[in-house]
Amino acid sequence: MAQSEKELEDKLIKQLKEQGFRPVTIKDENDLLENLKLQIETFNRIQLTDQEFKRIVIHLEGGSIFDKAKKLRDKYELIRDDGDVIYVKFFDSKEWCKNRFQVTNQITVNGVYTNRYDVTILINGLPLVQIELKKRGIELKEAYNQIKRYDKHSYRGLFNYIQIFVISNGVNTKYYANNKELSFKFTFYWTDNENKKYSDLESFAENFLEKCHVSKMIAKYIVLSQSTKSLFILRPYQFYAVEKIIDRVENTNKNGYIWHTTGSGKTLTSFKTAQLLSENEKVDKILFVVDRNDLDYQTSKEFNSFAPDSVDGTDNTNQLVKKLGSSKSKLIITTIQKLNKAITTARYSHTMDGVKEKNVVLIFDECHRSQFGDMHTNITEFFNKVQYFGFTGTPIFSENSNKNKTTFDLFGERLHTYSIKNAIGDENVLGFSVEYIRTFKGKDIADDEVEAIDTKEVLENDTRLELIADYIIENHRRKTDNKYTGIFATSGIPTLIKYYDLFKAKNNDLVIATIFSFNPNEEDKGDEHSRDSLERMIKDYNGTFGTNFTTDTFDGYYKDIANKVKEKKIDEKLIDKAVSRVLLAKFRMGLFEDPYGEKYEAQSLHSRENIRVARQIADESTVLLKNDKDLLPLNLSQLKSIAVIGPNADQVQFGDYTWSRTNQDGITPLEGIRKQVEPVGIKIRYAKGCNMMSMDTTQIAAAVEAARQSDAAILFCGSASASLARDYHETNCGEGFDLTD
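Okay, so let's go over this structure.

Topic: empty space enclosed by the protein
Point 1. The full count for this structure, using the stated rule, is two cavities of 30 Å³ or more.
Point 2. Computed from the structure, the largest cavity encloses a volume of approximately 80 Å³.
Point 3. Along its surface, the largest cavity is lined by Tyr-144, Ile-147, Lys-148, Asp-151, Phe-165, Tyr-176, Ala-177, Asn-178, Asn-179, Lys-180 and Leu-182.
Point 4. Those elements that provide at least two residues to the lining of the largest cavity are α5 (140–153) and β8 (173–177).
Point 5. Ranked by residues supplied to the lining of the largest cavity, first place goes to α5 with four residues.
Point 6. Of the residues assigned to the lining of the largest cavity, the class counts are six nonpolar, two polar and three charged.
Point 7. In this structure, the second largest cavity encloses a volume near 30 Å³.
Point 8. In terms of lining residues, the second largest cavity is bounded by Tyr-144, Tyr-176, Ala-177, Asn-179, Leu-182, Ser-183, Phe-186 and Thr-187.
Point 9. Here the residues of the lining of the second largest cavity are counted per class, giving five nonpolar, three polar and no charged.

Overview of the nonpolar core
Point 1. Counting 100 residues, the largest nonpolar core has Ile-164 and Leu-209 as its most contacted members.
Point 2. In terms of residue count, the dominant contributor to this core is helix α8 (residues 236–251) (seven residues).
Point 3. Those residues within four positions of Ile-164 in sequence are excluded, and the remaining contacts are Leu-128, Val-129, Gln-130, Tyr-175, Tyr-176, Phe-208, Val-214, Met-217, Ile-218, Ile-222 and Ile-233.

Some words on the pairing of strand β14 (residues 359–364)
Point 1. The element β14 is extensively covered by neighbouring structure, given that five of its six residues are classed as buried.
Point 2. Looking at chain direction, β14 and strand β15 (residues 385–392) are connected through six bridges and run parallel. Bridge pairing links Leu-362 to Tyr-388 in β15.

Observations regarding the sheet that holds β8
Point 1. Spatial strand order, β1-β4-β5-β6-β7-β8: six strands in an open sheet with mixed pairing. Here the strands that pair on one side only, and so sit at the sheet edges, are β1 (22–23) and β8.
Point 2. In this sheet, strand β6 (residues 126–133) lies alongside strand β5 (residues 114–123) in antiparallel orientation, the contact comprising five bridges. Bridging across to β6, Val-119 finds its partner in Ile-131.

Each value, and the rule that gives it
Residues numbered from 1 in each chain as written. Predicted model: local features only at pLDDT ≥ 70, side-chain atom pairs only at ≥ 80, totals over all residues. Heavy atoms only, no water. 1 Å grid on protein atoms, 1.4 Å probe; cavity = no way out; pocket = protein on both sides within 12 Å on 5 of 7 lines; lining within 4 Å. Points joined across faces, edges and corners; volume = space filled by probe spheres on them. Helix = DSSP H or I, 4+ residues; strand = E, 2+ residues; numbered from the N terminus. Nonpolar A, V, L, I, M, F, W, Y, C, P; charged D, E, K, R; others polar. Core = buried A, V, L, I, M, F, W, Y, C linked by side-chain atoms within 4.5 Å. Buried < 20%, exposed > 50% of the residue type's maximum accessible area, 1.4 Å probe, protein only. Contact = heavy atoms within 4.5 Å. Pairing = 2+ DSSP bridges.

So this is what it looks like as structure tokens:
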């Protein structure tokens, strides 16, 4: 007989009680507040008056889920009724086992609809883990969808402190962070260190919902991403990898490496590793070492998206040496080339000798690529108190060893493994679709006296390369669904140059960019120097995209390619295709024969209904071109004054091709801002700055002063397009008025 949802719930609560969670009866939000007061008092060893607790509740209830996650981890400065100041703690992130743990069920909350939540884990009185159950046989996604419904209809106030959701139908159980933007695919099974799943609810509760463990996950393994203002939680393999490295650093002097397959989230894993190590007082410097400048830039950007200014990037070796010598820079991202130069160049020795005796942790990204030469040896032997750890998706074993060295030889023991097989099984990465196109036939030759065939000569034969180029041109659009970028790897730079020239010589619509590192002192074989080849390829790229790169600015060129791939920039042929669809539509509408629509009566275009719709579009539409550092929306609670600057701020301007040319009704931006902010006590300073049709600059100083005296400045730029029009009755430019009038 299938287990009912109530039976599943009762069994889970019984298990959690046995695991040390104290049962508490909470029927509604009033009970929740009463219990919270008692728990805060007990946890902080204080007694609170009703007014003092009221101030705490007001503090706790404000803000978004992200804001509440930060409040949970901070202390609150409480001014007591007698004027004394104490600091109230809501969660212990350092000694996470010392938090207070309770479990309750069926809390009723009245929102848009009345909802009852299955099982809630309270830590220090706050609901931090919510468990939604479905009976066996019901799809797990139903529990997920129910939580999404609760999120819309009733999660509010203290329930926005939930850090982790758990969903289960008894057979399958998953967890995920309280992040509204993430889909069902960001729900995870918990596993053991060997990636064996704890799927059923009982084993999941025993391992993941163990008091100290779930508290540790909240304390250490939820990432508060500053760039997205949201929460992320680590997957189990990420957790085990970080734990292994932290344990090594705290308890041994050994090294090691992590084998996590490409695409499994190594950046988040390495960020959390570096972040937790930076909290260790025994560690002086953490160096995250990459093997290319573009990765230096990319990794710094990704790390700082999790926590702004959490790491220091290094544009050059001088900057690296300064940061190594500074006590302020604890977590540094740099390239292996810069670090090698810093320790081997005589002029840096004075500063670097002072770093030699510091406790340094080196974290190598993609440790299979550039760690097999002298640079790795130079770096690891330079520091006297060093531990180093590598992350790789493709470790080197004896079977595929480079110079007879393996990843184990360089880094020591493998600390954790999450292979491509594990990732595909968990649906964390896409599976492979491998096609093999045979381009020549060969056979085994057993006669030892027969000289070995030069397979390189066969593989790089011009005829073969041309056939491959033709195949790619013919099949690229189909193989990439006409929307993905293809990456073509070659056996070496000379072959790459041949392919590039073949693609350029043939009639095709592919946009091609190429990346390779040239050797400035390469052997002269009478051909074009590889740098000259790269220079002309970059010139082609500049012609296509309107850039101005050279081999001297290769790093910028590389980053630009990476950004264009990431942003899925479309090539000119696809633009032509899109334009052709528009032209075809215009042809079918007869707009080539009657481009001004004279056969339609003006009234049918300039009707009351059309004017109303156009007006609504103008009123409700806006275009945000840039929002650096999440400046908008402005936080009015932090502002006392705003400067509004520009002549366009104090006049109604609906813009081109809108419902009216007179702009007689409506409100100015200045009036709108005043209506919004003056009622909450914010002072507005308006400065015109200049006139629309004048070169007079005498008003600029006043505008600058208004901005200087204000907490924020809103600048209205641009001109009035009507001023561009010539005689009102003669012009047909459509600027500033409606031609159908």
